[in-house]
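Residue-level listing of the chains:
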Amino acid sequence: MAIGFPFLRDGSLGDLFLMLWKAGAVASLAAYALRRLSGKKALFLVLYLTLSVLGDALTIIDMVWGGAAFFAAHISAIIMFDHYHGGKFTKGQSIFTNFLIFAVFTVIFAFSNPDRTWLTFIYGLSVGMMIVTAWTSAYPRYQVGIGVILVVIYHMLIILSMGTLDNLQLASILVWPLYYIGQLMICTGVVRTLRADRAVQIG
């Protein structure tokens, strides 16, 4: 479904079919997580993916409502990452994380729609906090952390395409592959980590 969506979205299919097809890609990840995990941490992952599915569907017909669903997804992801604390940052990791947050806010505010500045700030804050909590959690930074970065880049490209760079061709090409690969990395990384923890506790 993820591979097929870019080839279908520019066709003559109706919005309802596109909504179901697009949402089905991440919905499959949510079903996978629900099947493989249990407990509170699993619920946060499933909630994050489910709200992302809602955002995927709503952006087909209304970007504002889709953005609201994604904002709620970011909050659930922040809670999920915050509940699984990690170790200390190295100096390089700390610099990299701070750079990412600075870059997110700079790009969003430089090129977003000036009529929606406060909405952009709140949305940018949610994606920035998502990066921070992912990289300070005990989930693998080079899978889950990078997955979050890819998802954040997706949201930045969407914001840019709605603002001053509304004709950005690169955004239309990259948004979906970056988004789905990021969600896949987040889902599988969290599932693998929590299942490993459960195996250690049982053992």
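Asker: Tell me about the overall build of the protein, residues and numbers included.
Answerer: When helices and strands are tallied, the protein shows 8 helices and 0 strands. What you see in the protein, going N to C, is helices and strands ordered as α-α-α-α-α-α-α-α. The buried share among the 203 residues of the protein stands at 44%. Residue pairs in contact within the protein that sit at least 24 positions apart in sequence constitute 73% of those at least 6 positions apart. If you sum the accessible surface of the protein, you get close to 10,500 Å²; carbon and sulfur atoms cover 69% of it.

Asker: Lay out the confidence of the model for the protein in plain terms, naming residues and giving numbers.
Answerer: Summary statistics for the protein give a mean pLDDT of 81 and a share of 79% for residues scoring 70 or more. Of all secondary-structure elements in the protein, the lowest mean pLDDT belongs to helix α5 (residues 91-111), at 69, while helix α4 (residues 63-82) reaches the highest, 91.

Asker: Mind laying out the packing of aromatic side chains, listing which residues take part and the relevant values?
Answerer: Considering all chains together, one arrives at 10 aromatic pairs under this definition. Between F17 and W21, the aromatic rings sit 5.7 Å apart at their centres with planes inclined by 35°, giving tilted as the arrangement. Placement of both F17 and W21 in helix α2 (residues 15-36) is noted, with a separation of 4 residues, approximately one turn of the helix. Since its relative accessible area comes to 39%, F17 is described here as partly exposed. For the pair F81 and Y139, a centre-to-centre distance of 6.0 Å together with 70° between the ring planes defines the contact as edge-to-face. Highlighted residues: F81 in helix α4 and Y139 in the loop between α6 (117-136) and α7 (141-162), separated in sequence by 58 residues.

Asker: Summarise the side chain of S126; cite the residues concerned and give the values.
Answerer: Take S126: it is sitting in helix α6. Side-chain polar atoms of S126 contact the side chain of H74, separated by 3.0 Å. Those residues within four positions of S126 in sequence are excluded, and the remaining contacts are F71, H74 and I78.

Asker: Could you give an account of the side chain of K22, naming the residues involved and the relevant values?
Answerer: Of note, K22 is situated in helix α2. Put simply, K22 is tucked away with no salt bridge, and the nearest opposite charge, on D56, sits 4.7 Å away. A distance of 3.0 Å separates polar atoms of two side chains, one belonging to K22 and the other to T59. Excluding residues that lie within four positions of it along the chain, K22 makes contacts with F5, D56, T59, I60, Y154 and W176.

Asker: Before we move on, can you summarise the environment of T136 with the specific residues and values?
Answerer: With respect to the helices and strands, T136 occurs in helix α6. T136 gets classed as partly exposed once you look at its relative accessible area, which sits at 33%. Sequence-wise, T136 and H85 are 51 residues apart; in three dimensions their C-alpha atoms are separated by 6.7 Å. A polar contact is formed between the side chain of T136 and the backbone oxygen of V132, at a distance of 2.8 Å.

What counts and what doesn't
- Every chain is numbered independently, its residues counted from 1 as its sequence is written.
- Local features in this predicted model are restricted to residues of pLDDT 70 or higher, and side-chain atom pairs are both shown and tallied only at a pLDDT of 80 or more, whereas totals for entire chains, interfaces and linings draw on every residue.
- With hydrogens and water stripped out, all remaining heavy atoms of the structure feed into the side-chain values.
- Only runs of H or I of at least four residues qualify as helices and only runs of E of at least two qualify as strands under DSSP, and these elements are numbered from the N terminus.
- Throughout this description, buried means an accessible area under 20% of the type-specific maximum (1.4 Å probe, protein chains only), exposed means over 50%, and partly exposed covers the range between.
- Only heavy atoms enter the contact rule, under which two residues are in contact if any of them lie within 4.5 Å.
- Each accessible area value is a Shrake-Rupley result obtained with a 1.4 Å probe; residue values ignore everything except the protein chains displayed when judging cover.
- pLDDT is a residue-level measure of predictor confidence that goes from 0 to 100.
- Stacked, edge-to-face and tilted labels apply to pairs of Phe, Tyr and Trp rings (six-membered ring for Trp) whose centres lie within 6.5 Å, assigned for plane angles under 30 degrees, over 60, and everything in between, in that order.
- Any N or O atom pair separated by 3.5 Å or less is treated as a polar contact, with the protein-specific requirement of one donor-capable and one acceptor-capable atom, and with residues adjacent in sequence counted only for side-chain atom pairs.
- Asp and Glu are treated as the negative residues and Lys and Arg as the positive ones, with His and the ends of the chain left uncounted.
- A pairing counts as a salt bridge when a side-chain nitrogen of Lys or Arg comes within 4 Å of a carboxyl oxygen of Asp or Glu.

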